[in-house]
Amino acid sequence: MTSSIRFLMCAPHHYEVDYVINPWMEGNIHRSSLETAQEQWQNLYQIIADRADVDLVKPQQGWPDMVFTANAGLILGNQVVLSRFLHPERQGEEPFFKEWFEAQGHQVFTLPPELPFEGAGDALLDREGRWLWAGYGFRTELDSHGLVAEWLNIEVLSLHLMDERFYHLDTCFCPLTNGYLLYYPPAFDAYSNRLIELRVPPEKRIAIEEADAINFACNSVNIDSLVIMNKASDELKARLAEAGFEVVETPLTEFLKAGGAAKCLTLRVTEPLHPEPAKTGLLSRTVTMTGHLLDSGLVSRALDLVMEGGGSFQVLNFDLGEQRQSTSSADIRVSAPSQEIMDEIMAQLIDLGAVALPAEQQDAHLVTITQAGVAPDDFYSSTIYPTEVRVRGEWVRVQGQRMDGVIVVSESEPVATCKLLRDLAVGDQVIVGYDGIRSVRSTKDRSRAAAATEEFSFMGSGVSSERRVELIVEQVAWDLRRLRDQGGKVAVVAGPVVIHTGGGDHLSRLIREGYVQALLGGNAIAVHDIEQAMLGTSLGVDMKQGTSVRGGHRHHLRAINSIRRCGSIANAVDQGVLTRGVLYECVKNDVPFSLAGSIRDDGPLPDTKMDLLEAQADYARLIEGCDLILMLSTMLHAIGVGNMTPAGVKMVCVDINPAVVTKLADRGSLESTGVVTDVGLFLSLLVKQLDRLTQRHVVVQ
Ligand SMILES: NC(=O)c1ccc[n+]([C@@H]2O[C@H](COP(=O)([O-])OP(=O)(O)OC[C@H]3O[C@@H](n4cnc5c(N)ncnc54)[C@H](O)[C@@H]3O)[C@@H](O)[C@H]2O)c1
């Protein structure tokens, strides 16, 4: 024994493979030899006891895995976070380990019953004590990391385990003395590998091959320059020797049958406690979140965002609302290894409603534009959500809120406005970075935003059940009636599929009956609508027979030609050339329309705006003040409109492709509803439902 290092072990008197809770146990039930296990364990014990103190916890009948003391808990200094086992097969070990820790005078922290965390099996200290690597994905729940971080006052770097064979972090990851790391990269997701690479320099990373990984080479006990493991290949031994380590092999095959080896059989009790957090060059910011944080999953979403973005967190305070309806608040310290990563994370946290602590609040940083139409690289890019910015100590509401803009501040008044990059003028002052910016949605809205992801994953699976489509149609019909009665504003964004699927007549009716106040689309919706109105075909297909008409492929060109002769769609209506259809109804009912050009366009029609900046401005003008936007089977125009629509406007997107619906949801609109269905069918159901409402003479308030 050379040092004051101590380990906890548990003799394998009751060890055997009794059940299957990991892939290693499969096929091994009652196939281990107690005699060999005892001999192998004794050898390991002796190797460790020659170099450190070893304490023993009494083995208990009926708890065969108690031999794997790494899962007793996580120790740091005098504090222990007791394990909460995921599987009932191991939960009975908890009180025995708790008793042992308490008997040693440790302060024991206990996680809530439904929050699994499997101790030092899933939480490994950097050997310099700078931070804690914590695994999740199989046995340990990510949410437990926040509590561990708070209780032990240490930075936690969460790693997502992906391979079921490596179900605990210590089966594929082993921090070694002097900042070295032995690990098996394929056991982790891409983000986790990136995080590891950010923290551990290449010369200190010892990545192993699968052959060593399945011999549990990472499940090693490291004492100073010694690495004790079941088995290592010659290459691995050489690589470790090069880094100054000596490998001691001791066969632990009987324990491999239960999915464990040297590290699993030990718990290091003396872990270094760093009086001050080591300097890592990390950036840290503290934000506060308020709302129904647990009910809505908002806090776990925020923590996920931090992790997915490449940062880590510590939950500093968590004030739980006392009653169901009362709000909670959490202060979260976010750490990131670079400014770029911190900026990305902060942008998303601001969207979720996180704000800097009052003491840390600063004015927004302004930079003056020196080249028209060009912003500084670190400009803040706006979202659809109502936003406030801090100017000379005061929070100012941003005007003209839209997505993908920059915020220009006039300090004298002060006024803050969203502007497009191309509209920036020399001398404009734009916000850079994320200081002094907050999103001002209500708690309820933010909760709905968090829930929206789930909603849209459902949509994304393409399983909009018939009943669900009906329910949405009923809701949309109700909204259309209500808005028409109240003088609200509805815009329809439509693609040519509306006409191909026989929805043209239904859309015409909606316009004629006053349900639509603006129509937006491209050249195609108008061309195909006019072709159908004049020649009875859409792209040459007879809309009544459903068959191709001889020479029909030229029909859309003939339609375009007729309108060009008249000079505009409105002229064609006035001259009696165009007598029915969607565009006809727009002209007749004074419903403004805008047709934005594209590279695909034939003709184009004289009304189609081929100057896209002009078209964008026209779209923005038409959707101003809208209450509801119906997006009907046009990916291009629906997404274009989605990007320029502020939060608060209800959007309904109908498309046969779930990816389009999800894409619109990705902009994070709270009010988006997606319907994965045929647009012709949707429109026919919609007019039927409106008829029903009318027949019943329902007065919609
Ligand atoms: N002749 C022309 O001038 C011409 C012809 C076609 C398109 N265009 C132009 O090209 C641009 C893009 O056209 P777009 O908006 O049609 O294409 P788009 O690819 O942007 O969108 C078409 C959408 O319709 C969806 N869809 C297909 N079948 C459907 C169904 N039965 N029910 C519901 N959704 C369905 C698709 O999934 C897709 O998302 C527009 O500007 C358009 O005007 C011009």
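Residues numbered from 1 in each chain as written. Predicted model: local features only at pLDDT ≥ 70, side-chain atom pairs only at ≥ 80, totals over all residues.

*Asks:* Please clarify how the sheet that holds strand 13 (residues 226-229) should be interpreted in this entry.
*Replies:* Strands sit in the order 12-13-14 across an open sheet of three strands; the sheet is mixed. Where the open sheet ends on each side, the last strands, each with one partner, are strand 12 (221-223) and strand 14 (246-249). The average undirected angle you get between the axes of adjacent strands in this sheet is 20 degrees. Taken together, the three bridges between strand 12 and strand 13 define a ladder with antiparallel strand orientation. What sits directly across from Asn 222, in strand 13, is Val 227. (Pairing = 2+ DSSP bridges. Helix = DSSP H or I, 4+ residues; strand = E, 2+ residues; numbered from the N terminus. Axes fitted to C-alpha atoms, helices over the stretch in contact; angles between N-to-C directions.)

*Asks:* So what exactly am I meant to see when it comes to the site of the ligand here?
*Replies:* Residues in close proximity to the ligand total 24 residues, the closest being Gly 522, Ala 524, Ser 633, Thr 634 and Leu 636. Broken down by secondary-structure element, the contributors of at least two residues to the shell around the ligand are helix 15 (523-535) and helix 20 (635-644). Of the residues in the shell around the ligand, the class split is nine nonpolar, ten polar and five charged. (Near = placed C-beta within 6 Å. Nonpolar A, V, L, I, M, F, W, Y, C, P; charged D, E, K, R; others polar.)

*Asks:* What should I look at first to understand the packing of helix 15 against helix 16 (residues 555-566) in this one?
*Replies:* The description of two packed helices rests on the angle between their axes and on the distance between the axes. At a minimum axis distance of 9 Å, the contact between helix 15 and helix 16 shows a crossing angle of 95 degrees. With respect to each other, helix 15 and helix 16 are oriented roughly perpendicular. Of the residues in helix 16, those touching helix 15 at Val 527, His 528, Ile 530, Glu 531, Met 534 and Leu 535 are His 555, His 556, Arg 558, Ala 559, Ile 560, Ser 562 and Ile 563. Residue classes in the contact of helix 15 with helix 16 are distributed as seven nonpolar, four polar and two charged. (Parallel < 35°, antiparallel > 145°, perpendicular 65-115°, else oblique. Contact = placed C-beta atoms within 7 Å.)

*Asks:* Just to check I follow, could you spell out the nonpolar core for this structure?
*Replies:* Considering soluble globular proteins, one finds that nonpolar side chains tend to be buried as a cluster. Counting residues in hydrophobic clusters, the biggest one holds 130 residues, and the most contacted among them are Cys 218, Ala 302, Val 389 and Ile 407. Per-element accounting of this core gives the leading share, seven residues, to helix 9 (residues 298-308). When residues are assigned to domains, this core turns out to be shared by domain 1 (6-139 + 166-268) and domain 2 (365-441), each giving three or more. Beyond its immediate stretch of four places on either side in the chain, Val 389 contacts Ala 364, Val 396, Val 398, Ile 407, Val 409, Ala 416, Ile 431, Gly 436 and Ile 437. Grouped together as the second largest cluster of nonpolar side chains are 72 residues, Ile 472, Ile 563, Phe 593 and Tyr 619 included. (Core = buried A, V, L, I, M, F, W, Y, C linked by C-beta atoms within 7 Å. Buried ≥ 20, exposed ≤ 12 C-beta atoms within 10 Å, placed from the backbone. Domains from an automatic or database assignment.)

Functional significance is not addressed by these values, which are geometric in nature.
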